[in-house]
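Read off the chains here:
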Amino acid sequence: MEAEAAEYLQAPELGLPEGADERIDDQVMRYLRGGDSPRQGLAESPAFAVGDRVTGSAA
(Lines give C-alpha, C1' and ligand atoms only; values in the text may rest on other atoms or scores of the structure.)
Protein backbone atom coordinates (compact mmCIF):
# COMPACT_ATOMS: atom_id res chain seq x y z
CA MET A 1 0.00 0.00 0.00
CA GLU A 2 2.84 2.39 0.80
CA ALA A 3 4.37 1.70 -2.62
CA GLU A 4 1.09 2.61 -4.33
CA ALA A 5 0.78 5.79 -2.25
CA ALA A 6 4.34 6.77 -3.18
CA GLU A 7 3.55 6.15 -6.86
CA TYR A 8 0.57 8.53 -6.70
CA LEU A 9 2.61 11.14 -4.84
CA GLN A 10 5.27 11.06 -7.56
CA ALA A 11 2.75 11.11 -10.44
CA PRO A 12 -0.56 12.69 -9.36
CA GLU A 13 -1.71 12.80 -12.99
CA LEU A 14 -2.28 9.04 -12.82
CA GLY A 15 -5.72 9.65 -11.34
CA LEU A 16 -7.61 7.41 -8.95
CA PRO A 17 -8.03 3.69 -9.59
CA GLU A 18 -11.29 2.51 -11.16
CA GLY A 19 -13.66 -0.11 -9.83
CA ALA A 20 -15.14 1.54 -6.76
CA ASP A 21 -18.17 -0.19 -5.29
CA GLU A 22 -21.03 2.31 -5.20
CA ARG A 23 -22.77 0.33 -2.41
CA ILE A 24 -19.82 1.00 -0.09
CA ASP A 25 -19.87 4.68 -1.00
CA ASP A 26 -23.59 4.83 -0.19
CA GLN A 27 -23.06 3.05 3.13
CA VAL A 28 -20.29 5.46 4.14
CA MET A 29 -22.41 8.48 3.22
CA ARG A 30 -25.37 7.15 5.27
CA TYR A 31 -23.05 6.68 8.24
CA LEU A 32 -21.55 10.16 7.89
CA ARG A 33 -24.96 11.82 7.57
CA GLY A 34 -26.86 9.80 10.16
CA GLY A 35 -24.19 8.62 12.57
CA ASP A 36 -23.91 5.23 14.16
CA SER A 37 -27.19 3.68 15.23
CA PRO A 38 -27.42 2.83 18.93
CA ARG A 39 -30.03 0.20 18.01
CA GLN A 40 -27.58 -2.27 16.50
CA GLY A 41 -27.47 -5.69 18.09
CA LEU A 42 -24.45 -7.18 19.78
CA ALA A 43 -21.66 -8.38 17.52
CA GLU A 44 -21.52 -11.65 19.46
CA SER A 45 -23.24 -13.29 22.38
CA PRO A 46 -22.16 -12.00 25.81
CA ALA A 47 -19.93 -14.32 27.80
CA PHE A 48 -22.09 -13.90 30.90
CA ALA A 49 -25.80 -13.46 31.59
CA VAL A 50 -27.43 -11.03 34.00
CA GLY A 51 -27.11 -12.49 37.50
CA ASP A 52 -24.14 -14.77 36.73
CA ARG A 53 -21.47 -14.83 39.44
CA VAL A 54 -18.03 -14.25 37.97
CA THR A 55 -14.98 -15.32 39.97
CA GLY A 56 -11.32 -15.90 39.27
CA SER A 57 -9.58 -14.99 36.06
CA ALA A 58 -10.30 -16.18 32.56
CA ALA A 59 -7.41 -17.86 30.85
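The paragraphs below set out a description of the structure included in this document. (Residues numbered from 1 in each chain as written. Predicted model: local features only at pLDDT ≥ 70, side-chain atom pairs only at ≥ 80, totals over all residues. Heavy atoms only, no water.)

Take the overall build of the chain next. Each helix and strand counted, the chain has two helices and zero strands in total. Whereas a compact globule of 59 residues would reach a radius of gyration of roughly 10 Å, the chain reaches 22 Å, over 25% beyond that. Going through the 59 residues of the chain one by one, you find that 2% of them count as buried. When the accessible surface of the chain is split by element, carbon and sulfur atoms take 53% of a total near 6,300 Å². In the chain, the 5 positive side-chain charges and the 12 negative ones have mean positions that sit 18 Å from each other. (Helix = DSSP H or I, 4+ residues; strand = E, 2+ residues; numbered from the N terminus. Rg over C-alpha atoms; globule rule 2.2 N^0.38 Å. Buried < 20%, exposed > 50% of the residue type's maximum accessible area, 1.4 Å probe, protein only. Areas by Shrake-Rupley, 256 points an atom, 1.4 Å probe, with all protein chains shown as cover. Lys, Arg positive; Asp, Glu negative; His and termini not counted. Charge placed at Lys NZ, Arg CZ, Asp CG, Glu CD.)

Turning next to helix α2 (residues 22–34). Taking 1.5 Å per residue, 13 residues should reach 18 Å; α2 reaches 18 Å between its end C-alpha atoms and fits that length. Just beyond α2, the residue with positive phi is Gly-35, at close to 80°. (Expected span 1.5 Å × (residues − 1).)

Taken as a whole and assessed by the stated rule, the structure comprises one salt bridge. Ionic pairing is found between Arg-23 and Asp-21, a salt bridge with its closest N-O pair at 2.8 Å. Here Asp-21 falls in the partly exposed class, since its relative accessible area comes to 27%. (Salt bridge = Lys/Arg side-chain N within 4 Å of Asp/Glu carboxyl O.)

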